[in-house]
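Examining the three-dimensional arrangement
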Amino acid sequence: MKRTGIFFHYQYGERLRDFPRALEGILDKDNVFFYDAFYPAKPISSFDLEPIPAELLYRVHTSEMVEQVKRSGAFEGALFSAAGTVAAAIRIWRGEIDNAFIFTGYGDHHAGSHFFGGGCYFNGTAIAIYELRQRFGAGRFAIIDTDAHHGNGTWQIFETDLDLLYVCLCSGPTSEKNNKVNIQLPWSVNDEEYLRLVRENFVRRATRFQPEAIFWNWGYDGTQGEYGDIGLTADFHVQLAGELKRAADEACRGRLIVVLCGGSRRDLARHLIPEIIRVLAG
Ligand SMILES: [Zn+2]
Ligand SMILES: [Zn+2]
């Protein structure tokens, strides 16, 4: 059984409207820890999620970009989204939890060192990795990106970083350089084929690569009926969580950090997020 951290902050928007209420029956487990911020009716047992200091942003993003985000109106939400990922990483390194699920208002993977877009403002995964390296001397990491779209920001930030394995499955052309791997998906893919691609292109590589943790940029926008529909069924995401949890067990003592990326439907969020957290918590 793993100790699972859930990192949540109150945010506007439709898709997470059922949370944290939809986590009922999970939060009272002894091996689940709930960290939150901004939520007006915080449960008594929760821990505070602290914001991240500005200097962490500047390690990854240019000051011009941070200023632009400040003017966008999304700054606070973006900051707490990234803060969840950073806080999860630090708690795993301190040995308080084994794995984590991060609720984000704004995603990660389209945010590069000097640009942002597509609903992403700061690259929380990159900020967390820089912090783990700085604070704990950590080295190698793996990121798998199963959002339907290409993680151009994550790719750019780590482009020449040989200690960072990044595997992205999307519609862009297949390529591989400096441990950055893009896998082109067919126009429509079934669950079985997708799982095979993940095993062949990520799980195998990650086991050899021996990262200290695996970050999973999890988007559900490729689900049937979503805006990035590539043909996946909803319940496939739960199966994928099991696969990546096993991969993390094998490669890095179970250190798996799941970062919510794309997806818009409230019903899918309400169904899938609790299921994935149940997988993480064993
Ligand atoms: Zn997407
Ligand atoms: Zn891609």
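In this report, the structure presented in the accompanying data block is examined. (Residues numbered from 1 in each chain as written. Chains lettered and ligands numbered in written order. Predicted model: local features only at pLDDT ≥ 70, side-chain atom pairs only at ≥ 80, totals over all residues. Heavy atoms only, no water.)

**Concerning the packing of helix 3 (residues 75–93) against helix 4 (residues 124–136)**
The packing of two helices is summarised by the inter-axis angle and the distance between the axes. Under the convention used in this document: For every element, the axis is a line fit to its C-alpha atoms; helices are fit only across the contacting stretch, and the angle between N-to-C directions ranges from 0 to 180 degrees. For the purposes of this entry, the term helix denotes a DSSP run of H or I that reaches at least four residues, the term strand denotes a run of E that reaches at least two, and both are numbered from the N terminus. Each crossing gets its handedness from the near helix: less than a right angle anticlockwise from the far helix is left-handed, clockwise is right-handed. Any two residues whose heavy atoms approach within 4.5 Å at even a single point are treated as in contact. As a working rule, the residues Ala, Val, Leu, Ile, Met, Phe, Trp, Tyr, Cys and Pro are called nonpolar, Asp, Glu, Lys and Arg charged, and the rest polar, with Gly in that last group.
Between helix 3 and helix 4, whose axes approach to 8 Å, the crossing angle comes to 35°. Considering only the axes of helix 3 and helix 4, their crossing is right-handed. Across the interface between the two elements, Ala82, Thr85, Val86, Ala89, Ile90 and Trp93 of helix 3 pack against Gly124, Thr125, Ile127, Ala128, Glu131, Leu132, Arg135 and Phe136 of helix 4. Each residue belonging to the contact of helix 3 with helix 4 can be placed in one class, and the counts come to nine nonpolar, three polar and two charged.

**Concerning the coordination of the zinc ion (ligand 1)**
Rules: Listed donor atoms are N, O and S within 2.8 Å of the metal (Na, K and Ca: 3.2 Å). As water is not included, a site may look incomplete. Donor angles set the geometry label: tetrahedral for four donors if every angle is between 85 and 135 degrees, square planar for four and octahedral for six if opposite donors exceed 155 degrees and the others are between 65 and 115, irregular for anything else. Buried means the residue's accessible area, taken with a 1.4 Å probe over protein chains only, is under 20% of the maximum for its type, while exposed means over 50%, and partly exposed covers the values in between.
Binding of the zinc ion (ligand 1) to the protein goes through Asp147 (OD), Asp147 (OD), His149 (ND1) and Asp221 (OD), at separations of 1.9 to 2.7 Å. One way to put it: the four donor atoms around the zinc ion (ligand 1) meet at angles of 53 to 158°, and that makes the site irregular. The sequence pattern formed by the donor residues of the zinc ion (ligand 1) is D-x1-H-x71-D. Judged by relative accessible area, which is 2%, Asp147 ranks as buried.

**Describing the coordination of the zinc ion (ligand 2)**
Octahedral six-donor coordination of a metal ideally yields angles of 90 or 180 degrees, compared with 109.5 degrees for tetrahedral four-donor coordination. Protein coordination of the zinc ion (ligand 2) is provided by His150 (ND1), Cys168 (SG), Cys170 (SG) and Asn182 (OD1), with donor distances spanning 2.0 to 2.2 Å. All donor residues of the zinc ion (ligand 2) come from one chain, and their arrangement in sequence is H-x17-C-x1-C-x11-N. Highlighted residues: Cys170 in strand 6 (residues 164–170) and Asn182 in strand 8 (residues 180–184), separated in sequence by twelve residues. In this structure Cys170 comes out as buried when scored by relative accessible area, which is 2%. Judged by relative accessible area, which is 2%, Asn182 ranks as buried.

**Here's the deal with the packing of aromatic side chains**
As a reminder, the rule being used: Note on ring pairs: Phe, Tyr and Trp rings are taken, using the six-membered ring of Trp, and paired if centres are within 6.5 Å. Classes follow the plane angle, with under 30 degrees stacked, over 60 edge-to-face and the rest tilted. Cation placement over rings: the criterion is NZ of Lys or CZ of Arg within 6 Å of the ring centroid and within 35° of the ring normal.
Per the counting criterion, the structure on display carries 16 aromatic pairs. Taking 6.0 Å as the distance between ring centres and 85° as the angle between the ring planes, the aromatic pair formed by Phe75 and Phe122 counts as edge-to-face. Of this pair, Phe75 sits in helix 3 while Phe122 sits in the loop between strand 4 (99–102) and helix 4; the two residues are 47 residues apart in sequence, bridging distant segments of the chain. Accessibility expressed as a relative area gives 2% for Phe122, which makes it buried. One aromatic cluster in this structure is built from Phe8, Phe19, Phe34, Phe101, Phe103, Trp216, Trp218 and Tyr220. Of note, Arg140 hangs over the ring of Phe209, and the distance from its end group to the ring centre comes to 3.9 Å. One Lys or Arg, Arg255, reaches over the ring of Trp93 and ends 4.1 Å from the middle of that ring.

**Some remarks on the nonpolar core**
Applicable threshold: By nonpolar core is meant a set of buried Ala, Val, Leu, Ile, Met, Phe, Trp, Tyr and Cys residues that side-chain atoms within 4.5 Å join together.
Counting residues in hydrophobic clusters, the biggest one holds 54 residues, and the most contacted among them are Phe101, Phe103, Tyr194, Phe202, Trp218 and Ile273. With residues near it in sequence (within four places) discarded, Phe202 still touches Ala142, Ile143, Ile144, Leu165, Val167, Leu197, Ile214 and Leu244.

**Considering the environment of Phe215**
Tracing the chain through its elements places Phe215 in strand 9 (residues 214–218). In this structure, the C-alpha to C-alpha distance between Phe215 and Leu79, residues 136 residues apart in sequence, is 18 Å. Once residues within four sequence positions are removed from consideration, Phe215 is found in contact with Thr85, Thr125, Ala128, Ile129, Leu132, Phe141, Ala142, Ile143, Ile144 and Ile257.

**Topic: helix 2 (residues 63–72)**
An α-helix turns once per 3.6 residues; consequently, residues spaced three or four apart project the same way. The following threshold applies: Directions drawn from the helix axis to the C-beta atoms are what define this arc.
Those residues of helix 2 not exposed but buried are Met65, Val66 and Val69. Down the axis of helix 2, the sector holding all buried residues measures 100°, keeping them to one side. Turned more than 90 degrees away from the buried face of helix 2, the exposed residues are Glu64 and Arg71. Packing partners of the buried residues in helix 2 comprise helix 1 (54–60) and helix 3. One or two steps after helix 2, the chain reaches Gly73, where phi turns positive at roughly 90°.

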